[in-house]
Structures are given as C-alpha cells and as structure tokens.
Amino acid sequence: MKWLARLAKLALLPVLVWLAGLAAFALLGINGLFAGPNPVFVIARVTAYVTVVVVATVTTAFVGVFGLACGAMLSWLCESLDRRRIVDTMSRSFWSLAAYVWLGVASLVLDPPVALTAFEMSEADALEARVRETTAFGWMGRLRYLALLGFLATAGCLLARYTRPLNALLAVSFASAALAALLTALGLLAGPSVGH
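Residues numbered from 1 in each chain as written. Predicted model: local features only at pLDDT ≥ 70, side-chain atom pairs only at ≥ 80, totals over all residues. Heavy atoms only, no water.

**Regarding a nonpolar patch on the surface**
Here's step 1: On the surface, Val42, Val46, Val50, Val54 and Val58 cluster together to form a nonpolar patch covering roughly 370 Å² of accessible area.
Here's step 2: Tracing the chain through its elements places Val58 in helix α3 (residues 39–76).
Here's step 3: On the basis of relative accessible area, Val58 is assigned to the partly exposed category, the value being 36%. (Patch = residues over 30% accessible without salt bridge, like charges linked within 9 Å, V, L, I, M, F, W, Y side chains within 5 Å. Areas by Shrake-Rupley, 256 points an atom, 1.4 Å probe, with all protein chains shown as cover. Salt bridge = Lys/Arg side-chain N within 4 Å of Asp/Glu carboxyl O. Helix = DSSP H or I, 4+ residues; strand = E, 2+ residues; numbered from the N terminus. Buried < 20%, exposed > 50% of the residue type's maximum accessible area, 1.4 Å probe, protein only.)

Rendered as structure tokens:
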C-alpha cells in the first residue's frame, strides 16, 4: 500500500495515465478498424501508430509551451513562482486529458469498431462514414473542447494555489492566447505546402 501512496504523489502520474489511455485507445481503435493481414491494412496500422506517437509528442510540446508562457506572464506580473511548481501544475492538469482518453477507451470496449473492408479502404467516403459510425470516435470529437477547458480550468486553479487568483487567470489567458497564435502561425506555414 505504501507504493500506491508514493505513486499518487508522483507529479508525472497524470501524464503517465494519459499516455497509457492514449496507447490503449490507439490499440483498440487501430486494430479494430484495420484488422487483417492484408498489406494495405498493415501499412494503415503502422501509419496510424506513427500518427498517435506524433500526436502525443506534439501535445506534450504544446503543454510545455503553455507552461513557459504561464511562467513568463507570472514573471512579468512580478510573481516569483518556482519552475518546479509550474511543471507540477502542467503535469497535474493532464488529469482532464487522461479522463478524456479513458472515456474513449471505455467507449471502444463497449462498442468496438467494425473492421474495414479493402473496398472501404479505397473509398474515402466509405472510410469517413465508418469512422463516424463508431461511437467512440464521434464522442471523442465532440468532447475534445470540454477536455481542453478542463485542462485550462485545472491549470488556473492549481496556479491560484501558489499565486494571486487574478494573476493565475491572467497567466492562463495569456498562455492560451500565445498557444492559439502559435497554432495559427504553424497553420499558415503549413498552408501553402498542402496544395503542392
């Protein structure tokens, strides 16, 4: 029981729970949709797994940028907050993302996706329709903004424990705006190359 108490105090626990949920969601979803030894399905599975790794890496990097922006704003507001506390706050804010992915895992277990056929793989509309019909994928799309709001609210509440509540709110607002600007800039950079 002591190891459980130590594990609960581990700052990175929410991140690990989120990563485990993401891995479980990927395994259930990808293996359910792209079942079979057909080389097309093998390539699709590998591509999907690589995409999940990229999504996990990018999400973690964006949370890091968010934390840096929070720290920069708090410094500008003359709040002396230890970097470890900011890292701890960002890590603990992953609980909302962890709940989100594990809800998706539960949805996939209760309503597994029906395996695609080779014909559906070649038809973009059929592939889209099958993904839309899968309950877990539909709900994940609808709930992603709620998970994001949960992350922001958790980050704000945790920062407010170490700083003035107004400053915590300003830090989270600034970090959100900075991240939105970064995403917009990256989208604009990627835009011209998509058409080529």
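Next, the rest of the story.
**Section: the packing of helix α5 (residues 94–110) against helix α8 (residues 135–162)**
Here's step 1: Running from amino to carboxyl end, α5 crosses α8 at an angle of 165 degrees, the nearest separation of the two axes being 9 Å. On the basis of their axis angle, the class for α5 and α8 is roughly antiparallel. Along this stretch, α5 crosses α8, giving a crossing that reads as right-handed. Where α5 abuts α8, its residues Phe94, Ser96, Leu97, Tyr100, Val101, Leu103, Gly104, Ser107 and Leu108 lie against Ala136, Phe137, Met140, Leu143, Arg144, Ala147, Gly150 and Phe151. (Axes fitted to C-alpha atoms, helices over the stretch in contact; angles between N-to-C directions. Parallel < 35°, antiparallel > 145°, perpendicular 65-115°, else oblique. Left-handed = near helix turned anticlockwise from the far one by under 90°. Contact = heavy atoms within 4.5 Å.)

**So, the confidence of the model for the protein**
Here's step 1: Scored by pLDDT, the protein has a mean of 86; 92% of the residues are at 70 or more.
Here's step 2: Across the protein, element-level confidence peaks in α5 with a mean pLDDT of 93 and bottoms out in helix α1 (residues 2–9) with 53. (pLDDT = per-residue confidence, 0-100.)

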